[in-house]
Structures are given as C-alpha cells and as structure tokens.
Amino acid sequence: MPLPRQATGRCGISITIRTFRWADLEALASLQSAIGGNSDPISSQDLRLWLEIPTVQPELNCFLAFDGETLAGYLQVFPEVPIDNIVANAGVLPGYRRRGIGRLLIERASNRGVELGVGTIQVSVQESAEDAQSFLTALGFKFVRRYQRMRRGPQPSADPANAPGVELSRLQEGDHQVLSVLQNASFATHFGFSPNDPDDIRHRLHLPGTSPEDVVAARKDGEVVAYCWTRVEDGKEGLTGAVWMTGVQPSHQGTGLGRIILRAGLQHMLAQNVRYIELEVDEENGSARHLYITEGFEDIHAILWYQKRIRDQTA
Ligand SMILES: CC(C)(COP(=O)(O)OP(=O)(O)OC[C@H]1O[C@@H](n2cnc3c(N)ncnc32)[C@H](O)[C@@H]1OP(=O)(O)O)[C@@H](O)C(=O)NCCC(=O)NCCS
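Every chain is numbered on its own, with residues counted from 1 as its sequence reads. Note on the predicted model: pLDDT of at least 70 is required for a residue's local features to be given, and 80 or more for side-chain atom pairs to be given and counted; whole-chain, interface and lining totals, by contrast, use all residues. The basis for every side-chain value is the complete set of non-hydrogen atoms in the structure, without hydrogens or water.

> So, the overall build of the protein chain: which residues are in play, and what are the values?
Secondary structure elements follow DSSP: runs of H or I of four or more residues count as helices, runs of E of two or more count as strands, with numbering from the N terminus. Within the protein chain, the secondary structure is distributed over 9 helices and 13 strands. Here the C-alpha radius of gyration of the protein chain, 21 Å, is about what a compact globule of 315 residues would show, namely 20 Å. On the principal axes, the C-alpha backbone points of the protein chain span a range of 70 × 40 × 35 Å. Residue burial in the protein chain is summarised as follows: out of 315 residues, 48% are buried. Using a 1.4 Å probe, accessible areas were evaluated by the Shrake-Rupley method; residue-level cover was limited to the displayed protein chains. For the protein chain, the exposed area adds up to about 15,600 Å²; of that, 49% sits on carbon and sulfur atoms. We compute the radius of gyration over the C-alpha atoms and compare it with the globule rule, which gives 2.2 Å times the number of residues raised to the power 0.38. Remark: exposure states derive from per-residue accessible area (1.4 Å probe, protein chains only) relative to the maximum for the residue type, with buried under 20%, exposed over 50%, and partly exposed in between.

Structural data, given as structure tokens:
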C-alpha cells in the first residue's frame, strides 16, 4: 500500500518523505557530508556527477525525509533489476535518529523495489557500525555476506612480468563498450554483481579521480583480456588511490594475468605519489584475496551485507 506523503515519526514529529528534485542538490550534499563520519565531505558538483549516472535516476530513486524545511534523512535506491535486487544507501542526521525516519525511508525503498518488480533489498554497513546493524535487524534484514576493505602502503610494487604476447596499455575515450563487455564477463558469477550498462560505464569513467587513461588494460592478439580500473582522490589524508574494479576475462583466468594487471595498476597509482591504496573484496573470493595479500594489502575493516525479501512479504 502506498505510504501517505505525511507520516508521523515515533516522537510526534511530522515527517514528509518525497523524491529528490535537482533544487535539493546542495541540501543533499550537506546532509551526506554531515552523516559521512570519517569520510571526506562531498561537494554538490561531485554529487551531481554521481547522480547523473544514467541508471541512477534520483528523481525516481532518491527519497528525502523533511522535518518542515529541514532535510533530516535520505535514502538512495540503486536498481539491480537483472539480478532481482535493489541496493539501498541511507542516512539520518544524528539529532533525528531513533524517531522512525530510517524505518519510513526503508519502507519507501521497499515500495520502489516492488514497483521495479525485484525480490530483495540489500544494504551494506561497516562492521563497527553497530547502531546501523541493530537498525537493520529490527527491520527484518539478515546478514548475508562479508567483504573486506584492504589497504597497502606506498611501498614499490614489483614490475608486471613480461608475459609472452601480452601488451599493457591504457583505455581511451570511446572504450566504454569494450570495458563493459569485459567487466560483465569477468564478474558474471560474483555475489551481488549486476551487469553494467555501457552508458553508465562511460559516465563512471569520468567521475572525479578517474578517466579512461586510468584504466590499465592487458591486450592479447589486440583484444582487451584484463583490466585494472584505478582512481586517485585528493582528500584530507592527501592523495589516496583505489583499485575500483579489476578483472580478467574468464577464458584467460588462472594464467597469471590478474597479478600482471594488478601490478600495472598499482604502479600507475604509485607514480602519482599516493599515500596508500585501498580496495574492497568479497571474503569468499579466495583467489582475489590471495592475490591482494601477496601484493601487500592488509585487512582494515569488514563490510557486512544485509538483505531482506520484499516480494511476497510486507515491508
Ligand atoms: C541507520 C540509520 C539510517 C537508522 O535511522 P533511524 O531513523 O535512526 O532509525 P529508526 O528510528 O527508523 O529505527 C527503526 C528501527 O530500528 C531500531 N534501531 C535504530 N537504531 C538502533 C540502535 N542504535 N540500536 C537498536 N535499535 C535501533 C529502532 O528501535 C527501530 O525499531 P522499532 O521500531 O522496532 O523500535 C541511522 O542510524 C544512520 O543514519 N546511521 C548512519 C548512516 C548509516 O550507517 N547508514 C547505513 C545503514 S542504512
């Protein structure tokens, strides 16, 4: 059943939930920066770039909770229709927590999921965020998967080996189609991976801190068979790098290309004098974990994925 536009939170405040409008951009950037904890604040220019990713569609998928004129909470839905799922990312201003706003936002997200015809909603939280985990458990979410955030320092990386017939280069403008085919093939069997749309990939290749030139590619017989998508950001900790995605075409997996392409990606970021490099990996992905550990990465914290069924069940 659709929710009324006005809902009364548990402490008697009257909360209005509505979808995002572009005029809300500044307020949403301030809200996300206030909720962001230890991460760097996000500028409205950068947030605009994230919201303009073609499949993001904030006017349909981003919900805002207002107390009068005050933006008190938000929830963004990321549709993953091909895998029957939506991912939600939410936050409520500290002074407005435990008043029922988070519950109202998750109900709106679940309704959006039903509208999209998907069966589940997933949310990720840091292992240390016990409040968020209690919130999700209270709403009927169950823990489903554990990821690790890993980091390595700026120590030099070994050179990529000279594998016969393998040529290292960078992607160029217009290579988004090639990248999306390779990315979708490399991750096809991975937990929670929803095939990427080429237009989304084109847009993501121009997000702050990355570009086609920052995707290191390995070619064999002229065909791109492995890639390491890197990102370098300038924040309060100085320049830091991230391995955003790295993948090897399934028919070439197990041939040493993963290590070659990872080292090439690390060298590309280290040449920019980053203080450290981070990545996230599924704890059950043994081969990737082994590769990262042996290239100097160490666990820094776990990220827990929670899930709830929304089909055949009221939110
Ligand atoms: C997680 C978060 C969105 C919850 O929002 P909220 O508005 O405080 O949550 P609600 O008031 O709607 O709580 C809903 C249910 O969760 C429970 N809950 C919320 N926080 C809790 C806590 N710290 N401990 C125990 N239970 C908690 C509430 O008791 C309520 O259950 P009930 O209705 O059965 O009593 C908010 O704490 C937040 O912004 N945290 C930082 C951002 C974050 O971690 N986001 C990721 C998670 S989506």
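> Go over the site of the ligand, please, and point to the residues and values.
We define proximity as follows: a residue is near a molecule or strand when any one of its heavy atoms falls within 4 Å of that partner. Taken together, 20 residues surround the ligand, and among them Val 92, Arg 98, Gly 100, Gly 102 and Arg 103 come closest. Whenever a nitrogen or oxygen atom comes within 3.5 Å of another N or O atom, the pair is scored as a polar contact, on the condition that within protein one atom can donate a hydrogen and the other can accept it, and that pairs from neighbouring residues in sequence are kept only if both atoms are in side chains. One nitrogen or oxygen atom from the main chain of Arg 99 is found 3.1 Å from an oxygen atom belonging to the ligand. Asp 131 places a side-chain nitrogen or oxygen 3.1 Å from a nitrogen atom of the ligand. For the ligand, whose free accessible area comes to 910 Å², the fraction covered by protein is 80%. Where the shell around the ligand is concerned, the elements lending two or more residues are β5 (85–92), α4 (101–116), β6 (120–126) and α5 (130–138). For the shell around the ligand, the element with the most residues is α5, which contributes 5 residues. Partitioning the shell around the ligand into residue classes produces 10 nonpolar, 4 polar and 6 charged. Residue polarity is assigned by list, with Asp, Glu, Lys and Arg as charged and Ala, Val, Leu, Ile, Met, Phe, Trp, Tyr, Cys and Pro as nonpolar; anything else, Gly included, falls into the polar class.

> Give a detailed account of the packing of aromatic side chains, specifying residues and quantitative values.
Only rings of Phe, Tyr and Trp enter the pairing, Trp through its six-membered ring, and a pair is recorded when the two centres are within 6.5 Å. The plane angle decides the type: under 30 degrees is stacked, over 60 is edge-to-face, the rest tilted. All chains considered together, the criterion is met by 8 aromatic pairs. On the numbers, 6.1 Å between centres and 80° between planes, the contact of Trp 50 with Trp 244 is edge-to-face. Placement of Trp 50 in helix α2 (residues 44–51) and of Trp 244 in strand β11 (residues 238–248) is noted, with a sequence separation of 194 residues between them. A residue is classified by how much of its surface remains accessible, and Trp 244, at 25% relative accessible area, is partly exposed. Judged by centre distance (5.2 Å) and plane angle (80°), the rings of Trp 229 and Trp 244 are edge-to-face.

> Tell me about the side chain of Glu 278, and please be specific about residues and values.
Relative to the helices and strands, Glu 278 is located in strand β12 (residues 277–282). With relative accessibility at 9%, the residue Glu 278 sits in the buried group. There is a polar contact of 2.6 Å between the side chain of Glu 278 and the side chain of Arg 149. Not counting residues up to four positions away in its chain, the partners in contact with Glu 278 are Arg 149, Met 150, Arg 151, Gly 241, Ala 242, Val 243, Phe 297 and Ile 300. Contacts are assigned to residue pairs that have any heavy atoms within 4.5 Å of one another.

> Explain the environment of Gly 296 residue by residue, including any values.
By the element assignment, Gly 296 lies in the loop between α9 (286–294) and β13 (298–309). Each C-alpha atom, one on Gly 296 and one on Arg 152, is 5.6 Å from the other, the two residues being 144 residues apart in sequence.

> Explain the domain arrangement of the protein chain to me, using residue names and the numbers behind them.
Domain start and stop positions are those given by an automatic or database domain assignment. Under the domain assignment used here, the protein chain contains domain 1 (6–147 + 304–309) and domain 2 (154–295). Distance between the C-alpha centres of domain 1 and domain 2: 29 Å. Taken residue by residue, the interface counts 19 residues in domain 1 and 20 residues in domain 2. By buried area we mean the combined loss of accessible area, with a 1.4 Å probe, across both parts when two parts are placed together. Regarding the contact of domain 1 and domain 2, the summed buried area is about 1,800 Å², with carbon and sulfur atoms giving 58% of it. When the buried surface of domain 1 facing domain 2 is broken down by residue, Trp 50, Arg 145 and Tyr 147 rank first, second and third, together holding 35% of it. When a carboxyl oxygen of Asp or Glu lies within 4 Å of a side-chain nitrogen of Lys or Arg, that pair is called a salt bridge. At the junction of domain 1 with domain 2, the criterion picks out 3 salt bridges. Between domain 1 and domain 2 we count 6 residue pairs in polar contact (both at pLDDT 80 or more) in total. Partitioning the side of domain 1 that touches domain 2 into residue classes produces 9 nonpolar, 4 polar and 6 charged.

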